Amino acid sequence: MRVVVVGATGNVGTSLVRALATDDDVSSIVGVARRRPGWRVDRTEWRQADVARDELTPIFDGADAVVHLAWLFQPTRDATVTWRANVIGSMRVFRAAAEAGVPTLVHASSVGAYSPGPKDTPVDESWPTHGYPGAAYGREKAYVERVLDVFEHDHPGVRVVRMRPGFIFKRQAATEQRRLFGGPLVPRRLVKAGRVPFVPDIPGLRLQALHADDAAHAYRLALTRPVRGAFNIAAEPVLGASDLAELLGARTVPVSAGLARAAVAAGWHLRLLPAAPGLLELALALPVMKVERAREVLGWTPAYSAKDAIRELFEGLHDGDGMDTPPLAPDAGPVARVREFASGVGAWP
């Protein structure tokens, strides 16, 4: 197989490229990224392209599969920019795949595409994917699901797979996620067991997580097995405040959802936090997913627990870990954090 990975230099992309490079069924990999990485991998060539504006069809010519992972989280203060990259960019990827005659398309959807749902009864892949309207991330993921509905109708010969993972972590992506969601005020040295005083226990905040290498394994299986449709992907257990507190050696403190929303909104409006308040509201609204279909149809079993994935996040935050790709660049110290402030928190590219 010749596989094109769009968004190959990010959290999941780097894990997927590494996994594909060791797969005997994959002869070559084309990694597509907006900015070229210094990182090099066997059997992989890099192509620089922006999905929102560059010509993609020539890059996809001769490919047996396209995996679409590219997604822009910032700027959180200008939804037109993320809409252009994420929605219009996805439409351009799908159209180019069809024009190039690519027989398999695997798209990175998300638990964030789901409509609000229960926390106590897991939902399967048939749960509505209309998103949460108060968060740009949910709106955009849901809209792309509708685009794929039309694409599948118009291109029945293309095998389309939609991956809907929970929150994805690994050590090397921790600094990127701090820049995207925590901002420059998150102290590296305090993110360690015994140093965090408390974890807020917000009603309804239950998260499903998995390691990026396990996500990559699921994508690789979707490429090499004749499957179609959507797959929920997450590891056990479903995480609550007590689990996070246990990992950090901290205690939990009850915090109302209203107070948490107000605190995040204040931080965002004061340009102290990059994550818009809608993201917290989205997390509170998300349903808990069933993952049986991934296990039974894909044959996917995670190697890491959800706690393992979160533990790597905390360790990576503390150590300032990263990789030699622009999205995953490691923590560069105080000067880089000053630049984050100077460029406008929430505007980091």
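Before reading on, note that the structure itself is shown above.
Residues numbered from 1 in each chain as written. Predicted model: local features only at pLDDT ≥ 70, side-chain atom pairs only at ≥ 80, totals over all residues. Heavy atoms only, no water.

1. Things to note about the side chain of Asp50
Link 1 in the chain: Among the secondary structure elements, Asp50 is positioned in the loop between β3 (44-48) and α2 (57-60).
Link 2 in the chain: Once residues lying within four places of it in the same chain are set aside, the contact partners of Asp50 are Arg34 and Arg92. (Helix = DSSP H or I, 4+ residues; strand = E, 2+ residues; numbered from the N terminus. Contact = heavy atoms within 4.5 Å.)

2. Concerning the nonpolar core
Link 1 in the chain: Membership of the largest hydrophobic core comes to 58 residues, with the highest contact counts inside it found for Val5, Met163, Tyr219, Ile233 and Leu298.
Link 2 in the chain: It is helix α6 (residues 212-224) that contributes the most residues to this core, eight residues altogether.
Link 3 in the chain: Setting aside chain neighbours within four positions, we find Tyr219 in contact with Val12, Leu16, Val67, Leu69, Val106, His107, Ala108 and Met163. (Core = buried A, V, L, I, M, F, W, Y, C linked by side-chain atoms within 4.5 Å. Buried < 20%, exposed > 50% of the residue type's maximum accessible area, 1.4 Å probe, protein only.)

3. Quick word on the pattern of salt bridges
Link 1 in the chain: One pass over the full model with this rule turns up 17 salt bridges.
Link 2 in the chain: If you follow the salt bridges from partner to partner, you end up with Glu145, Arg146, Asp149, Glu152, Arg162 and Arg164 in one network. (Salt bridge = Lys/Arg side-chain N within 4 Å of Asp/Glu carboxyl O.)

4. Let's talk about the environment of Arg18
Link 1 in the chain: With respect to the helices, strands and loops of the structure, Arg18 is situated in helix α1 (residues 11-21).
Link 2 in the chain: Along the primary structure Arg18 and Thr44 are separated by 26 residues, whereas in three dimensions their C-alpha atoms are 9.3 Å apart.
Link 3 in the chain: Excluding residues that lie within four positions of it along the chain, Arg18 makes contacts with Trp39, Val41 and Met323.

5. A closer look at the sheet that holds strand β5 (residues 104-108)
Link 1 in the chain: On the basis of which strands lie adjacent, the open sheet formed by seven strands has the order β3-β2-β1-β4-β5-β6-β10 and parallel pairing. Of all strands in the sheet, those with a lone pairing partner are β3 and β10 (229-233), marking the two edges. Recorded for the sheet is a direction-independent mean angle of 20 degrees between the axes of neighbouring strands.
Link 2 in the chain: Pairing analysis gives five bridges linking strand β1 (residues 2-6) to strand β2 (residues 28-33), with the strands arranged parallel. Among the inter-strand pairings, Val4 is bridged to a residue of β2, identified as Val30.
Link 3 in the chain: Along the sheet, α6 makes contact with β1, β4 (65-68), β5, β6 (159-165) and β10, crossing β6 at roughly 165 degrees. (Pairing = 2+ DSSP bridges. Axes fitted to C-alpha atoms, helices over the stretch in contact; angles between N-to-C directions.)

6. Some details on helix α11 (residues 306-319)
Link 1 in the chain: When the terminal C-alpha atoms of α11 are compared, their 20 Å separation across 14 residues agrees well with the 20 Å that a helix rising 1.5 Å per residue should span.
Link 2 in the chain: Where α11 is concerned, the buried positions are Ala306, Ala309, Ile310, Glu312, Leu313, Phe314, Gly316, Leu317 and His318.
Link 3 in the chain: Those residues of α11 that are buried lie in contact with β7 (167-169), α5 (174-182), β9 (209-211) and α7 (241-248).
Link 4 in the chain: Count one or two residues on from α11 and you reach Gly320, which has phi positive near 70 degrees. (Expected span 1.5 Å × (residues − 1).)

7. Here's the deal with the packing of helix α8 (residues 257-269) against helix α9 (residues 277-285)
Link 1 in the chain: Contact geometry for α8 and α9: axes closest at 8 Å, N-to-C directions at 155 degrees. Compared by their axis directions, α8 and α9 come out roughly antiparallel. Taken together, the residues of α9 that come into contact with α8 (itself represented by Ala257, Ala260, Arg261, Val264, Ala265 and Trp268) are Pro277, Leu280, Glu281 and Leu284.
Link 2 in the chain: Along the lines of polarity and charge, the residues of the contact of α8 with α9 split into eight nonpolar, no polar and two charged. (Parallel < 35°, antiparallel > 145°, perpendicular 65-115°, else oblique. Nonpolar A, V, L, I, M, F, W, Y, C, P; charged D, E, K, R; others polar.)

8. Some words on the side chain of His211
Link 1 in the chain: Along the chain, the position of His211 falls in strand β9.
Link 2 in the chain: For His211, the contacting residues outside a window of four places in its chain are Ile168, Phe169, Lys170, Tyr304, Ala309 and Glu312.

9. Digging into unusual backbone geometry
Link 1 in the chain: The omega torsion of the bond from Gln74 to Pro75 falls at 10 degrees, within 30 degrees of zero and hence cis.
Link 2 in the chain: Relative to the elements of secondary structure, Pro75 occurs in the loop between β4 and α3 (79-99).
Link 3 in the chain: In this chain, Glu236 is followed by Pro237 through a cis amide linkage whose omega measures -5 degrees.
Link 4 in the chain: For Pro237, the position within the fold is in the loop between β10 and α7.
Link 5 in the chain: Here Arg43, not a glycine, exhibits a phi torsion of approximately 65 degrees, which is positive.
Link 6 in the chain: Topologically, Arg43 is positioned in the loop between β2 and β3.
Link 7 in the chain: A residue is classified by how much of its surface remains accessible, and Arg43, at 34% relative accessible area, is partly exposed.
Link 8 in the chain: We note that Arg271 has phi near 60 degrees; this positive angle belongs to a residue other than glycine.

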